[in-house]
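Observations on the three-dimensional arrangement
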Amino acid sequence: MLIPLVAIAVAACSAGTGGAHGNATEAVASSDTITGNADLATVTGNADLADAAPAVAQGSLKLLAPADAGAIAAVRQAAGTLSDVAVTSAQSFKITSGGQQIATFVAGEGKAPDAVNAGCFAAIVQNGRATVLPTIGSGAWEAETCLSTDAVGILGASDPVRIAVIYKAASPNAEVLEPVVLQWDRAGRVTIDEAASTRASTAGATSVKAVRELLK
């Protein structure tokens, strides 16, 4: 039985604005945007080097390193209910369209309050608002321990945008590369596509390239 995952969000507001919107916690996040010259569509650890080809765009979308500091700060604050939070800078990127930054993807580690095993998370920051999704170690992946985020890549530029995240995870019997597919609708909503994630995992898709080929 799948256990629903709860996204954690922080909405950035001006210094003169108070109060909370719904269940989200408000905080002032830096509006600074750092525009680097690094240009990677996918960065991998030990995954297939074909995923690491520079300047590869899906449609008009690109992942560019590094992620901006203001977005990372917003994610750290949004992930406040997680313990042992650590941002994986090597797998965090600006998301650009037509050369303009439209959002930021941030990967990291953090254990959910009700989790037994160490976990990871994926986050999207857009218009100052950070949405953090616990992944490995929570929900459908609660039996697995997250060791690291291994690779990130955009699967396609349609709306919603699909993003594949490959995790190095451990079960009681083995270490595996576990794919998780995210959906981002560009209006700010980010969810986990559990059906696509399960399909990729069952098919043994252990790289962004393999997930892209499977789900195209």
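Check the entry above for the structure.
Our subject in this report is the structure included herewith.

Each value, and the rule that gives it
Residues numbered from 1 in each chain as written. Predicted model: local features only at pLDDT ≥ 70, side-chain atom pairs only at ≥ 80, totals over all residues. Heavy atoms only, no water. Buried < 20%, exposed > 50% of the residue type's maximum accessible area, 1.4 Å probe, protein only. Helix = DSSP H or I, 4+ residues; strand = E, 2+ residues; numbered from the N terminus. Pairing = 2+ DSSP bridges. Arc of directions from axis to C-beta. Axes fitted to C-alpha atoms, helices over the stretch in contact; angles between N-to-C directions. Salt bridge = Lys/Arg side-chain N within 4 Å of Asp/Glu carboxyl O. Contact = heavy atoms within 4.5 Å. Lys, Arg positive; Asp, Glu negative; His and termini not counted. Polar contact = N/O pair within 3.5 Å; in protein donor to acceptor, adjacent residues only side chain to side chain. Parallel < 35°, antiparallel > 145°, perpendicular 65-115°, else oblique. Left-handed = near helix turned anticlockwise from the far one by under 90°. Nonpolar A, V, L, I, M, F, W, Y, C, P; charged D, E, K, R; others polar.

Comments concerning the pairing of strand β5 (residues 93–97)
- For β5, the tally of buried residues reaches 4 of 5 residues, placing the bulk of the element in the interior.
- Judged from the 5 bridges that link them, β5 and strand β6 (residues 100–111) form a sheet pairing that is antiparallel. Residue pairing in the sheet places Lys94 in a bridge with Thr104 of β6.
- Linkage of β5 to β6, two consecutive antiparallel strands, is achieved through a turn of 2 residues, within which Gly98 is found at a positive phi near 60 degrees.

Quick look at helix α3 (residues 208–215)
- Those residues of α3 that fall on the buried side of the exposure criterion are Val208, Val211, Arg212 and Leu215. When α3 is viewed along its axis, its buried side chains cluster within an angular range of 100 degrees and face the same direction.

What about the sheet that holds strand β10 (residues 161–170)?
- Across the sheet, which stays open at both edges, the 4 strands sit in the order β9-β10-β11-β12 with antiparallel pairing between neighbours. Two strands in the sheet have a free side with no partner beyond their single neighbour: β9 (145–156) and β12 (190–192). On average, each strand axis in the sheet is inclined to that of its neighbour by 30 degrees, with strand direction left out of account.
- When β10 meets strand β11 (residues 175–184), the two strands line up antiparallel, connected through 10 bridges. Residue pairing across strands places Val165 opposite Val180, the latter belonging to β11.

Examining unusual backbone geometry
- The residue after Ala65, namely Pro66, is reached through a cis peptide bond having omega 0 degrees.
- Turning to its location among the elements, Pro66 is positioned in the loop between β3 (61–64) and α1 (69–78).
- That bond from Asp159 to Pro160 is cis: its omega, 10 degrees, falls within 30 degrees of zero.
- Within the secondary structure, Pro160 sits in the loop between β9 and β10.

Quick notes on the pattern of salt bridges
- This structure, assessed with the given rule, holds 2 salt bridges.
- Between Asp193 and Arg162 there is a salt bridge whose closest N-O contact spans 3.2 Å. Here Asp193, found in the loop between β12 and α2 (194–202), pairs with Arg162, found in strand β10; they are 31 residues apart in sequence, far enough to count as distant.
- Lys216 is the partner of Glu213 in a salt bridge, and the nearest nitrogen-oxygen pair spans 2.9 Å.
- Classification of Lys216 by relative accessible area gives exposed; the value is 75%.

Description of the environment of Thr145
- Here Thr145 lies in strand β9.
- What makes Thr145 partly exposed here is its relative accessible area of 22%.
- Counting along the chain gives 25 residues from Thr145 to Cys120, while the straight-line C-alpha distance between them is 8.6 Å.
- Not counting chain neighbours up to four residues away, the residues in contact with Thr145 comprise Asn117, Ala118, Ile136, Lys168, Ala169 and Ala170.

A closer look at the side chain of Asp68
- Here Asp68 lies in the loop between β3 and α1.
- As a buried residue without a salt bridge, Asp68 has its nearest oppositely charged side chain in Lys94, at a separation of 6.0 Å.
- A distance of 2.7 Å separates the side chain of Asp68 from the side chain of Gln101, its partner in a polar contact.

What about the packing of α2 against α3?
- Where α2 contacts α3, the axes come no closer than 10 Å and their chain directions differ by 115 degrees. In this view, α2 runs roughly perpendicular relative to α3, as classed from their interaxial angle. Seen along the crossing, α2 lies across α3 with a hand that is right-handed. Counting all contacts with α2, which are made through Ala196, Arg199 and Ala200, the residues of α3 involved are Val211, Leu214 and Leu215.
- For the contact of α2 with α3, the per-class residue count stands at 5 nonpolar, no polar and 1 charged.

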